[in-house]
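Residues per chain, in single letters:
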There are 2 protein chains.
Amino acid sequence: VLLGDLCLGWSDELLNTSGLSDDALRRGRPVFERMRTELIAGQYLDVLEQVSGALEPGRQAARARRVIRYKSARYSVEHPLLLGGSLAGGAAQLLASYSAYGLALGEAFQLRDDVLGVFGDPHRTGKPAGDDLREGKRTLLVAYTLERASPAQAEAVGALLGNPSLDRAGVDALCEIIVKTGALQRVELLVDDLAASAAAALADSPVIAEARDALAELIIAATARTL
Amino acid sequence: VLLGDLCLGWSDELLNTSGLSDDALRRGRPVFERMRTELIAGQYLDVLEQVSGALEPGRQAARARRVIRYKSARYSVEHPLLLGGSLAGGAAQLLASYSAYGLALGEAFQLRDDVLGVFGDPHRTGKPAGDDLREGKRTLLVAYTLERASPAQAEAVGALLGNPSLDRAGVDALCEIIVKTGALQRVELLVDDLAASAAAALADSPVIAEARDALAELIIAATARTL
């Protein structure tokens, strides 16, 4: 906790001592401050989801996406772009296109990460297979699974998800339910939709050519099916 | 933890959006940043003391005073004065006198707080009597007690200090040892010495008259034997 506090303080100190002009800092700091506040709010929402128990399945999906937006999408893609754009004095139209691109791609990136956390090759992801399932993370994948689960499947999910000592067979059983309920496919389709939205926002953006190329590559890198 | 992070972020945002000039902020922000970093370091040292087990008694006192300096003295008195002085464009001599005054008074204030935490009237302090003893806080009072404790007294302290269910009789037994070993008196003398140092620094300070009066009153308020 203290190391996190230290890094939180230092992140701000680094910005202040970056050598940027007062004018640039005056434009960039509100973005930095909003990013920091929203990230903390997103983490709070995430903790709240983990402890607030069963909701109707329909609400779970909406809640999972809200957590992703605050905790991941804005923080990982949208706000960093807005921060750079604001420091550089980008026009409102450019910043708006960064928002549209970044929010969509950031959500797609987190959804891809959720899928890799369950179905990814541990040798490539560096994360033990099924750790998100052992932790009981309330991802969109899980919300979609519960939306379409039969009573028997729902009972199995309730028994297995969040069990810290879940073994390989338990992970496989959960993965099978996630696939059979169509949840994996729905998340994959959503990732494709979001990547397409990001690409459309980029096409409409007044961004310069080099940045356009880099942002186009980022869509592929952030949503690729393997690492 | 998240609420603390949020307040940590907001404290910085409040400074940045205070309406102070860029020049004032350029002077004040490094003080703010040093205060934040040293406070976190002080909290870390405090946690480290609680878990690092028995040291030779002579080292405990030095360690307890180091924690007080980083966690309390600089944060509660010295740095706030330096922050205000820097924002206002105070000269080096003024800032040096604030440091000398603030570090001494801040330490005295924390030592007074430690004494009140053990011997204070709960109706006046608002803290249950003996809570610092139940928590096992490694205060200077405790370090001095162990320096002069007989083997039987040291054994009693070891058995009682940090026991979360310590009752009134246990608290009284510890208080008696703290008094009999002379620890209470040594801390009181140190508070007096530090208050005198703060007063001497104030006497030498080029501070304006109104501030001098307020800072003289603060010495009394921060070191008074009751609340």
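Residues numbered from 1 in each chain as written. Chains lettered and ligands numbered in written order. Predicted model: local features only at pLDDT ≥ 70, side-chain atom pairs only at ≥ 80, totals over all residues. Heavy atoms only, no water.

So, on to the overall build of chain A. Assigned secondary structure in chain A consists of eleven helices and zero strands. Each helix (α) and strand (β) of chain A, taken in turn from the N terminus, gives the series α-α-α-α-α-α-α-α-α-α-α. Its C-alpha atoms give chain A a radius of gyration of 19 Å, within 12% of the compact-globule value 17 Å for 227 residues. In terms of overall dimensions, chain A has a C-alpha envelope of 60 × 40 × 35 Å along the principal axes. The buried share of chain A, taken over its 227 residues, is 47%. Of all intrachain contacts in chain A linking residues separated by at least 6 positions in sequence, the fraction that spans at least 24 positions is 73%. (Helix = DSSP H or I, 4+ residues; strand = E, 2+ residues; numbered from the N terminus. Rg over C-alpha atoms; globule rule 2.2 N^0.38 Å. Buried < 20%, exposed > 50% of the residue type's maximum accessible area, 1.4 Å probe, protein only. Contact = heavy atoms within 4.5 Å.)

Let's shift gears to the packing of aromatic side chains. Two measures describe an aromatic ring pair: the distance that separates the ring centres and the angle between the ring planes. Tallying each qualifying case throughout the model produces zero aromatic pairs over all chains. Seen from the ring of Tyr 144 of chain A, Arg 186 of chain A lies directly overhead, with NZ or CZ sitting 3.8 Å from the centre. (Phe/Tyr/Trp six-rings, centres within 6.5 Å; stacked < 30°, edge-to-face > 60°. Lys NZ or Arg CZ within 6 Å of the ring centre and 35° of its normal.)

The subject of this paragraph is a nonpolar patch on the surface. Among the surface-exposed residues, Tyr 44, Val 47, Leu 48 and Val 51 of chain A lie close enough to one another that they form a single nonpolar patch of about 370 Å² accessible area. On the secondary structure map, Val 47 of chain A appears in helix 2 (residues 22-51). (Patch = residues over 30% accessible without salt bridge, like charges linked within 9 Å, V, L, I, M, F, W, Y side chains within 5 Å. Areas by Shrake-Rupley, 256 points an atom, 1.4 Å probe, with all protein chains shown as cover. Salt bridge = Lys/Arg side-chain N within 4 Å of Asp/Glu carboxyl O.)

This part is about the environment of Tyr 98 of chain A. Checked against the element boundaries, Tyr 98 of chain A lands in helix 4 (residues 92-119). Once you skip the residues sitting within four places of it in the chain, Tyr 98 of chain A turns out to touch Glu 78, Leu 81, Leu 82, Gly 85, Val 207 and Leu 215 of chain A.

Residue and element names in this part refer to chain B. Inspection of the secondary structure assignment puts Ser 97 in helix 4 (residues 92-119). Take Ser 97: its relative accessible area is 9%, and that puts it in the buried class. A polar contact is formed between the side chain of Ser 97 and the side chain of Ser 205, at a distance of 2.7 Å. Dropping the residues within four chain positions of it, Ser 97 is found in contact with Ala 201, Ser 205 and Pro 206. (Polar contact = N/O pair within 3.5 Å; in protein donor to acceptor, adjacent residues only side chain to side chain.)

Bringing the interface of chain B and chain A into the picture now. Across the boundary between the two partners, chain B contributes 21 residues, which contact 21 residues of chain A. Here chain B and chain A share an interface that buries about 1900 Å² over both sides, 56% of which is from carbon and sulfur atoms. Linking Arg 36 of chain A and Asp 12 of chain B is a salt bridge whose minimum nitrogen-to-oxygen distance equals 2.7 Å. Across the contact surface, chain B and chain A share eight residue pairs in polar contact (both at pLDDT 80 or more). Where the side of chain B that touches chain A is concerned, the elements lending two or more residues are helix 1 (2-16) and helix 2 (22-51) of chain B. If one sorts the elements of the side of chain B that touches chain A by residue count, helix 2 of chain B sits on top with ten residues. Grouping the amino acids of the side of chain B that touches chain A by side-chain chemistry returns eight nonpolar, five polar and eight charged. (Buried area = accessible area lost by both parts, 1.4 Å probe. Nonpolar A, V, L, I, M, F, W, Y, C, P; charged D, E, K, R; others polar.)

The next point concerns the side chain of Asp 12 of chain B. Relative to the helices and strands, Asp 12 of chain B is located in helix 1. Among the polar contacts made by the side chain of Asp 12 of chain B, one reaches the side chain of Arg 36 of chain A at a distance of 2.7 Å. If we skip the residues at most four places from it in the chain, Asp 12 of chain B touches Asp 12, Asn 16, Glu 33 and Arg 36 of chain A together with Phe 32 and Arg 36 of chain B.

Our next topic: the relation of the copies chain B and chain A. Superposing chain B onto chain A requires a rotation of 180 degrees together with a translation of 0.0 Å along the rotation axis, leaving an RMSD of 0.0 Å. In symmetry terms, the pair is related by a two-fold rotation axis. In this assembly, 100% of the residues forming the interface of chain B have copies in chain A that are likewise at the interface, indicating an isologous arrangement. (Least-squares fit on C-alpha atoms with pLDDT ≥ 70 in both.)

Looking now at the state of the cysteines. Inspection of every chain in the model, using the stated rule, returns zero disulfides over all chains. The thiol of Cys 7 of chain A is unpaired, and the distance to the nearest cysteine sulfur, on Cys 7 of chain B, comes to 19 Å. (Disulfide = S-S within 2.5 Å.)

Applying the stated criterion to the full structure yields 29 salt bridges over all chains. Notably, a salt bridge pairs Glu 78 of chain A with Arg 74 of chain A, separated by 3.1 Å at the nearest N-O pair. Residue Glu 78 of chain A and its partner Arg 74 of chain A are located together in helix 3 (residues 57-87), separated by four residues, close to a single helical turn. Residue Glu 78 of chain A shares its accessibility class with Arg 74 of chain A, and that shared class is buried. Among the salt bridges present, the one from Arg 134 of chain B reaches Asp 131 of chain B, with a minimum N-O distance of 3.0 Å. With Arg 134 of chain B and Asp 131 of chain B both in helix 6 (residues 131-135), this residue pair falls three residues apart, about one helical turn. For Asp 131 of chain B, a relative accessible area of 28% puts it in the partly exposed group.

Our next topic: the confidence of the model for chain A. Chain-level statistics for chain A give a pLDDT mean of 92 and a share of 97% at 70 or above. Both confidence scores are given for the complex: pTM 0.84, ipTM 0.82. (pLDDT = per-residue confidence, 0-100.)

Residues and elements named next belong to chain B. Its place among the elements puts Leu 116 in helix 4. Look at Leu 116 and you get buried, because its relative accessible area is 12%. Along the primary structure Leu 116 and Gly 130 are separated by 14 residues, whereas in three dimensions their C-alpha atoms are 9.5 Å apart.

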